[in-house]
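Topology and contacts: notes
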Amino acid sequence: METQQTIADLRRALAPLRDGRTIGLVPTMGALHEGHLALIEAARAECDVVVASLFVNPTQFGEPANLDGYPRDLARDERVAAVAGVDVLFAPSAGELYPKGFATWVVPEGAAEGLEGEHRPSHFRGVATVCVKLFELVRPHLAYFGRKDAQQLAVVKQIVRDLNLDLEIRAVPTVRDEDGLALSSRNARLTPTERERALAIPRALATRDPARARTVLVEAGIEPDYVAVADLDGETLAVAARVGETRLIDNVLL
Ligand code: AMP
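Let me begin by describing the structure that accompanies this report. (Residues numbered from 1 in each chain as written. Predicted model: local features only at pLDDT ≥ 70, side-chain atom pairs only at ≥ 80, totals over all residues. Heavy atoms only, no water.)

Focus: the site of the ligand
Near the ligand you find 16 residues, and of these H36, G146, D149, V175 and L183 are the closest. A distance of 2.9 Å separates an oxygen atom of the ligand from a polar atom in the backbone of G146. Here a nitrogen atom of the ligand and a backbone polar atom of L183 are 2.9 Å apart. Burial of the ligand by the protein chains amounts to 92% of its free accessible area of 480 Å². Counting residues per element, the ones that place at least two in the shell around the ligand are β2 (23-28), α2 (34-46) and β5 (142-146). In terms of residue count, the dominant contributor to the shell around the ligand is α2 (three residues). Looking at the shell around the ligand residue by residue, the class counts come to seven nonpolar, seven polar and two charged. (Near = heavy atom within 4 Å. Polar contact = N/O pair within 3.5 Å; in protein donor to acceptor, adjacent residues only side chain to side chain. Areas by Shrake-Rupley, 256 points an atom, 1.4 Å probe, with all protein chains shown as cover. Helix = DSSP H or I, 4+ residues; strand = E, 2+ residues; numbered from the N terminus. Nonpolar A, V, L, I, M, F, W, Y, C, P; charged D, E, K, R; others polar.)

Okay, here's the thing in structure tokens:
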């Protein structure tokens, strides 16, 4: 595996690989876990070349504290990605993707409205903009996204459709811990008691019913941002809730 940190080096590394081989892209923010590995595995299974990106995208964070506190360990992620079978890891700096004077945005409507879009204003503007940039830089045939972030998946599919981008989006099922909690880089921030309480989220989703799901959460002392059924690449029961200081999202396809 090779790691590239600049756009110029990424382009140089990918040029000789564009010889008819299928290129798959797995966009991540790093702190790689089994959820990310499932995406890489899916890419490995149907692509000749797997490119993973590792970029804590500042424009999709609302609160600076969340951005600053995001776990970063490039050396560890490089080892994990190499073992998982990534060929090229793209790990640019924020300045590389957003140089001084950057002023062009992709602003999705439709699937980006409501749920996360309502609770995290401009979140999907950041997601959409960085995804279009990554798609253009890597020019993959396929890009892999987790169902864990179901609204993000729906937004990305909408962008590809609406802007006629020449790639296919693949959805990968949510990977969960043995206790049912969806894997997330944010889980590391939960105290043992908070983690216990967070298990109400998968329990709530198992009811497959928004009213009953809300009751399960409230009884566990969790006040959700939302519990809603929406068409997110399929009829989905989606939940967002803060457990202590940590905001978690999860969903189940109905
Ligand atoms: P992140 O690094 O959190 O931005 O996630 C990068 C990609 O991994 C996104 O497409 C996520 O939906 C996906 N992902 C994160 N957690 C999981 C999980 N537990 N199961 C499946 N995919 C996941």
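Comments concerning helix α11 (residues 210-219)
The distance from a side-chain oxygen at the start of α11 to the backbone nitrogen of A211 is 3.2 Å, and the residue carrying that oxygen is D209. After α11 finishes, the residue G221 shows a positive phi value of roughly 80 degrees.

Focus: unusual backbone geometry
Phi angles above zero are rare outside glycine, and S122 is one such case at about 70 degrees. Along the chain, S122 turns up in the loop between α6 (116-119) and α7 (123-138). Classification of S122 as partly exposed rests on a relative accessible area of 41%. (Buried < 20%, exposed > 50% of the residue type's maximum accessible area, 1.4 Å probe, protein only.)

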